[in-house]
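# Survey of secondary and tertiary structure
Below are the chains, spelled out letter by letter.
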Amino acid sequence: MAASDIITGQFVRISQTPASIGDRIIARIIDMIVIVLYMLSVSFMLFGGTSMLSFLSNEITIVIFFAAYLPAIFYSFLCETFNNGQTLGKRIMKTRVVKADGSTPGMGDFLMRWMLLLVDLHISCIGLIAIICTKRNQRFGDLAAGTLVIKQEEYKKMHVSLDEFSYARKDYRPVYPEASNLSSGQIEIIRKVLQCSERDNGQQTARLSKKIQEMFGIKPNDNDDIKFLTTLVHDYQYYVIELI
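Here goes a summary of the coordinates provided. (Residues numbered from 1 in each chain as written. Predicted model: local features only at pLDDT ≥ 70, side-chain atom pairs only at ≥ 80, totals over all residues. Heavy atoms only, no water.)

### Thoughts on the packing of helix α1 (residues 21-47) against helix α7 (residues 126-133)
It is at 11 Å that the axes of α1 and α7 come closest, and there the two elements cross at 155°. Compared by their axis directions, α1 and α7 come out roughly antiparallel. Between α1 and α7 the crossing geometry is right-handed. Along its contact with α1, which presents I21, R24 and I25, the element α7 presents L128, I131 and I132. Among the residues forming the contact of α1 with α7, the class breakdown is five nonpolar, no polar and one charged. (Axes fitted to C-alpha atoms, helices over the stretch in contact; angles between N-to-C directions. Helix = DSSP H or I, 4+ residues; strand = E, 2+ residues; numbered from the N terminus. Parallel < 35°, antiparallel > 145°, perpendicular 65-115°, else oblique. Left-handed = near helix turned anticlockwise from the far one by under 90°. Contact = heavy atoms within 4.5 Å. Nonpolar A, V, L, I, M, F, W, Y, C, P; charged D, E, K, R; others polar.)

### A short note on helix α5 (residues 107-115)
Side chains of residues three or four places apart in an α-helix project in the same direction, reflecting 3.6 residues per turn. Listing the buried residues of α5 in full gives D109, F110 and R113. The buried residues of α5 all sit within an arc of 95° when viewed along its axis, so they share a single face. (Buried < 20%, exposed > 50% of the residue type's maximum accessible area, 1.4 Å probe, protein only. Arc of directions from axis to C-beta.)

### Some thoughts on a nonpolar patch on the surface
Judged by side-chain polarity, I25, I29, I33, V36, L37, L40, L128 and I132 come together as a nonpolar surface patch covering roughly 720 Å² of accessible area. The element best represented in the nonpolar patch is α1, accounting for six residues. Looking at where I25 falls in the secondary structure, it is placed in helix α1. A relative accessible area of 40% places I25 in the partly exposed class. (Patch = residues over 30% accessible without salt bridge, like charges linked within 9 Å, V, L, I, M, F, W, Y side chains within 5 Å. Areas by Shrake-Rupley, 256 points an atom, 1.4 Å probe, with all protein chains shown as cover. Salt bridge = Lys/Arg side-chain N within 4 Å of Asp/Glu carboxyl O.)

### Considering the pairing of strand β3 (residues 95-99)
Extensive coverage of β3 is indicated by the burial of five of its five residues. Residues of β3 alternate between two faces, with T95, V97 and K99 on one and R96 and V98 on the opposite face, all of them buried.

### Observations concerning the side chain of D142
Relative to the assigned elements, D142 resides in helix α8 (residues 140-145). Owing to a relative accessible area of 0%, D142 belongs among the buried residues under this scheme. Beyond its immediate sequence surroundings of up to four residues, D142 is in contact with R24, R113, N137, T147, L148 and V149.

### Looking at the nonpolar core
Judged by nonpolar contacts, the single largest core of 15 residues is most densely connected at L182, I190, I212, F228, L229 and L232. Broken down by secondary-structure element, the contributors of at least two residues to this core are α10 (184-195), α11 (203-216) and α12 (225-242). Counting residues per element, this core draws most heavily on α12, at five residues. A19, F77, V97 and F110 belong to the second-largest nonpolar core, a separate cluster that totals five residues. (Core = buried A, V, L, I, M, F, W, Y, C linked by side-chain atoms within 4.5 Å.)

### Here's the deal with the pattern of salt bridges
The tally for this structure, following the rule as stated, stands at nine salt bridges. For the salt bridge of E188 with R191, the shortest nitrogen-to-oxygen distance reads 3.8 Å. You can see E188 and its partner R191 sitting in helix α10, three residues apart, about one turn around the helix. R191 shares its class with E188; the two are buried. Salt bridges sharing common partners tie together R24, E80, K90, R113 and D142.

### Things to note about the packing of helix α3 (residues 75-82) against α5
Two elements in contact, α3 and α5, have axes whose closest approach is 9 Å; the angle formed by their N-to-C orientations is 155°. Relative to α5, the element α3 lies roughly antiparallel. The hand of the α3/α5 crossing is right-handed. Touching S76, F77, E80 and T81 of α3 are M107, F110, L111, R113 and W114, all from α5. By residue class, the composition of the contact of α3 with α5 is five nonpolar, two polar and two charged.

### Describing the side chain of D120
With respect to the helices and strands, the residue D120 is situated in helix α6 (residues 117-122). Leave out the neighbours within four places in its chain, and D120 touches C125, I126, G127, L128, R139, F140 and G141.

### Let's talk about the packing of aromatic side chains
Under the criterion given, the structure shown has two aromatic pairs. On the basis of an interplanar angle of 20° and a centroid distance of 4.6 Å, the ring pair of F74 and W114 is categorised as stacked. In this pair, F74 sits in the loop between α2 (58-73) and α3 while W114 sits in helix α5, placing the two residues 40 residues apart along the sequence. Judged by relative accessible area, which is 22%, W114 ranks as partly exposed. Seen in terms of ring centroids, Y176 and F228 are 5.2 Å apart; in terms of plane orientation they differ by 75°. Their pairing is edge-to-face. Highlighted residues: Y176 in the loop between α9 (152-157) and α10 and F228 in helix α12, separated in sequence by 52 residues. Of the two residues, Y176 and F228, neither departs from the other in class, the shared state being buried. (Phe/Tyr/Trp six-rings, centres within 6.5 Å; stacked < 30°, edge-to-face > 60°.)

Function cannot be read off these values alone, since they describe shape.
This is the structure we're talking about:
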């Protein structure tokens, strides 16, 4: 599965690889084995040999019965919520649940995934079909919660260039006030051109720099087109984020 780039709300690019279908199936099988073993162990303790339940009233027996099996019912929700997006199966397969924008899911997101788990697993393998058909291998629970399951190695390798946050220095001062008039779409175009600047020997960079200067009446401080466009991106981030 190829890595997919995500642009966060702060225009930070994160590269991460969705877990493969095989990884997710094996992780689910491991989790089912854990659940079955837990239920068998609980059943043996409650009903095996001389059961203490035989000395209790029916009402108390029912309460103990349901309480004992609750961890199995809420297994996925509890594990993912309190183990940073991982069940035992996901941990073994080195996968993890994250938000589609790269951030950490909240309890509500994990609850949504758990609520739709019954649909994804037991209704005509609809979850498997969704994983096959979606670009990021997302089941319906993922789509509803805005999450995806990624490879743990890629999660650890997530990195952000320090240049992305150079605007965040306390002493940073924007160079070009006109950057506040740029749109997010224009900024993304600038970023893409900067990424390709080495491959086209700076030709697209020079053309874009000249066009922006003409459109917004900006006079750059020097003749370095790459520096000019990079500064515009940082200034834009400053105005959008710092002055919200």
